[in-house]
Amino acid sequence: MQINKFMANALLLGEKNYWITSPNPSVGCVIVDTSGRTLGQGHTQRVGQAHAEVMALRAARDAGYDVRGATAYVTLEPCSHFGRTPPCCDALIEAGVARVIVAQQDPNPLVAGQGIARLRAVGIEVEVLAPDDPVALATRELNIGFFSRMIRKTPWLRMKIAASLDGKTALNNGVSQWITSETARADGHAWRARASAVLTGIGTVLADNPLLDVRLVSTPRQPALAIVDSRLQTPLDAHLFEVGRPIFIYAAVPNEAKKAALQARGASVIYLPGQQIGTQGKVDLAAMLLDLGQREINELHVEAGHTLNGALIRAGLVDELLLYLAPKLLGPGRDMASFGPLTALTDALALEFKSTAMVGPDLRILARVPGRDRF
């Protein structure tokens, strides 16, 4: 029971600063002596700063505690390589802890069991929770984008859609502000904040001239912005340039003059033309996800129109949907996603509900494509 208690506390610490750790995973650590007294605890800081184990050791030291012989409960395997910071397993070894309980092995190929092996090599007892342990599952879910990038080499793609109860995201004339409530919009901004990047299409940029930043909730950082813009139509005076953050524009048709102008505004322009029949002149969306993975994007939050939504679904790139359904019927209007038409019900995109909740007057549904998280 004590393992569950302290590991659960470590998980809560990992959840505390999820918004600041990207591209690193969010990790919590609790250090406990043989009597069950907590000596120190900590969580991952901003990228380039201390990891959870180091923060917990510092807290114990600042409180005047000696951690020799103590047990460290860590939600993710301590790193064993020199990255932006020194190896955390070395800090635990030098501190003299006797045991380390780990919720999940690190999927990073640079670690992947090596941290555990290094600890055991010097006589430290290491225990890894069973894969079906609730804390192990919650740790993986908390860092699902990091696990996706490490294992699949692509971000976890979450598509956010706000719609009426009959599935319309706008009227036929394009009017969509606002279908859902202010409460739902603020909740959507919280999901934006946790993402590494927001993705949209040029249709949304031209129609709405959005900022696509996080405004309705407090955040210590703005996620990056990615735009699918096959012909480089993004206006140089678009509002999206007003927000300080990385901007990646993916194109298919070369236009070196416009590329130079966009890059002068601070954007990175990447040419990724489709090579398959029917994709010429369009961005290769699968290649775009691989490129974003190389740019250390863990979670990709999609807020786009029905055209790009449909293209992502057709390409089999969507991991889950974040739906906000307003208690309204709009009748004819724009759909959530344009794909198909299907000729058989068996061709439908199957989903499983992960969670449902009322957000103000609206219903929030998190629906996952079955099997997408089995990597």
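Residues numbered from 1 in each chain as written. Predicted model: local features only at pLDDT ≥ 70, side-chain atom pairs only at ≥ 80, totals over all residues. Heavy atoms only, no water.

Caption draft 1: Quick peek at the pattern of salt bridges. Inspection of every chain in the model, using the stated rule, returns 20 salt bridges. Its salt-bridge partner being Arg158, residue Glu299 comes within 2.8 Å of it at the nearest N-O pair. Of the two residues, Glu299 sits in strand β12 (residues 299–302) while Arg158 sits in strand β6 (residues 156–164), which places them 141 residues apart along the sequence. In terms of burial, Glu299 and Arg158 fall into one category: buried. (Salt bridge = Lys/Arg side-chain N within 4 Å of Asp/Glu carboxyl O. Helix = DSSP H or I, 4+ residues; strand = E, 2+ residues; numbered from the N terminus. Buried < 20%, exposed > 50% of the residue type's maximum accessible area, 1.4 Å probe, protein only.)

Caption draft 2: Representation of the sheet that holds strand β1 (residues 28–32). The strand order across the open sheet formed by 5 strands is β2-β1-β3-β4-β5, and the pairing between neighbours is mixed. Unpaired on one side and paired on the other, β2 (38–43) and β5 (125–128) mark the two borders of the sheet. Across the sheet, the mean angle separating the axes of adjacent strands is 15° when strand polarity is ignored. Pairing geometry for strand β4 (residues 99–104) and β5, over 4 bridges, is parallel. Each residue of the ladder has a partner; that of Arg99, found in β5, is Glu125. (Pairing = 2+ DSSP bridges. Axes fitted to C-alpha atoms, helices over the stretch in contact; angles between N-to-C directions.)

Caption draft 3: Examining the pairing of strand β13 (residues 320–326) more closely. Across the 7 residues that make up β13, a large majority, 7, are buried. Side chains of β13 alternate between two faces, with Glu320, Leu322, Tyr324 and Ala326 and Leu321, Leu323 and Leu325 buried alike. Pairing of β13 with strand β16 (residues 362–368), which is carried by 6 bridges, proceeds in the antiparallel orientation. Within the sheet, the bridge partner assigned to Leu321 lies in β16 and is Ala367.

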